[in-house]
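# Working through the structure, step by step
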Amino acid sequence: LASLATRPLGALLRVVDRAVAGDLDARTRVGGYDEAARLGAGLDRLVGDMREAQRLSVTDPLTGLGNHRHFHERRDRDLTEAEDKGMPLSVCVLDIDNFKSFNDHYGFPLGDTAISAVADVLASVIEAQGVLHNLVVTEQEVGRGKSRKLRFAVAAGERRRRAMLLLQQRGR
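### A few points about the overall build of the chain
- Across its full length, the chain carries 6 helices and 3 strands.
- For the chain, the N- to C-terminal ordering of α and β elements is α-α-α-β-α-α-β-β-α.
- For the chain, the residues scored as buried account for 35% of the 172 residues in total.
- For the chain, the share of sequence-separated contacts (at least 6 apart) that also reach a separation of at least 24 residues comes to 56%.
- Of the roughly 11,300 Å² of accessible surface on the chain, a fraction of 57% belongs to carbon and sulfur atoms.

Put into structure tokens, the structure is as follows:
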């Protein structure tokens, strides 16, 4: 009889422990209609809300790209991984020339549209293992990709530059 109460509580506690440790995909899987099941459903909603809050905390709302916080978290993780594996790491920084003047002349709504278009084009040419960040709000887009050799990093940057030229030409 005691196991009927302690088994669901153990499952709930395991989810709490996993969530506290950072596993925001943890779920209780406690079924039924009793208090333990209701507590499990509430805990699942709470952990899901925590996961969404975590995602929003590292995402730029305009572009959907990783923000400054996400960039630094990934940078630290990627640098450690690159050092551990003896692999180089490339960072490509792109600046939208005269963007402040564009915003001043055409207004923020059109500037937001332009930033979103730039983010979409860059995201379409990023390698599968690359990560795109909006590092400085509405000023710079930063693409990061792991490359085995410098020439691959340079080629990746050139693909991004060409994509931006095509976007510029289409906008004229």
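Having put the structure on the table, let's press on.
### Considerations on the environment of D120
- Mapping D120 onto the fold places it in helix α5 (residues 108-125).
- Taking relative accessible area as the criterion, D120 reaches 53% and is therefore assigned exposed.
- With 56 residues separating them in the primary sequence, D120 and G64 have C-alpha atoms 9.5 Å apart.

### A closer look at the packing of aromatic side chains
- What the rule picks out here adds up to 2 aromatic pairs.
- Look at F99 and F102: their rings are 6.0 Å apart centre to centre, the planes differ by 20°, and that puts the pair in the stacked class. Here F99 pairs with F102, and both are found in helix α4 (residues 99-106), just 3 residues apart, close to one helical turn.
- According to the relative accessible area criterion, F99 is buried, its value standing at 4%.
- With a relative accessible area of 27%, F102 lands in the partly exposed category.
- Summarising the aromatic geometry, the rings of F102 and Y106 are spaced 4.7 Å apart at their centres and angled 45° between planes, so their arrangement reads as tilted. Of the two residues, F102 and Y106 are both situated in helix α4; the distance of 4 residues between them amounts to about one turn of the helix.
- Y106 sits in the partly exposed class, given a relative accessible area of 46%.

### Describing the nonpolar core
- Core analysis: the biggest nonpolar cluster contains 11 residues, these being A11, L12, V15, A19, L24, A26, V30, A36, A37, L43 and V47.
- Among the elements of the structure, α1 (2-20) and α2 (35-57) are those that each provide at least two residues to this core.
- With residues up to four places along the chain from it excluded, the contact list for L43 reads L12, V15, V16 and T28.
- L94, I96, V118 and L122 belong to the second-largest nonpolar core, a separate cluster that totals 7 residues.

### Here we look at the side chain of D60
- Position of D60 relative to the elements: it lies in the loop between α2 and α3 (68-85).
- Buried charge D60 goes without a salt bridge, the closest partner of opposite sign being R55 at 11 Å.
- Polar contacts involving the side chain of D60 include one to the main-chain amide nitrogen of L62, which spans 3.3 Å.

### Some thoughts on the confidence of the model for the chain
- Per-chain confidence: the chain averages 77 in pLDDT, with 72% of residues scoring 70 or above.
- When the elements of the chain are averaged for pLDDT, strand β3 (residues 140-145) gives the smallest value, 40, and α2 the largest, 92.
- Overall, residues 135-148 carries pLDDT values under 50, and its contacts beyond four positions in sequence, including any with other chains, amount to 58 contacts.

Analysis parameters
By convention here, each chain's residues receive numbers from 1 onward along its written sequence. Where totals are concerned, whole chains, interfaces and linings use all residues; where local detail is concerned, this predicted model gives features only for residues with pLDDT of at least 70, and gives and counts side-chain atom pairs only at 80 or more. Neither water nor hydrogens contribute to the side-chain values; these are computed over all heavy atoms in the structure. Only runs of H or I of at least four residues qualify as helices and only runs of E of at least two qualify as strands under DSSP, and these elements are numbered from the N terminus. Working definition: with a 1.4 Å probe on protein chains only, accessible area under 20% of the residue-type maximum means buried, over 50% means exposed, and in between means partly exposed. A contact between two residues is defined here by any heavy atoms of the two lying within 4.5 Å. Under the convention used here, a 1.4 Å probe and the Shrake-Rupley method define accessible areas, while residue burial counts only the protein chains that appear. Whether two aromatic rings pair depends on their centres lying within 6.5 Å, for rings of Phe, Tyr and Trp, where Trp uses its six-membered ring; planes under 30 degrees apart make the pair stacked, over 60 edge-to-face, and the rest tilted. For the purposes of this section, nonpolar cores are sets of buried Ala, Val, Leu, Ile, Met, Phe, Trp, Tyr and Cys residues that join through side-chain atoms within 4.5 Å. None of His or the chain ends enter the tally, which takes Lys and Arg as positive and Asp and Glu as negative. Put simply, a salt bridge is a Lys or Arg side-chain nitrogen that is within 4 Å of an Asp or Glu carboxyl oxygen. Identification of polar contacts relies on pairs of N or O atoms within 3.5 Å, with a donor-acceptor requirement for protein atoms, meaning one able to donate a hydrogen and the other able to accept it, and with residues adjacent in sequence counted only if both atoms are side-chain atoms. Per-residue confidence from the predictor is reported as pLDDT, a score between 0 and 100.

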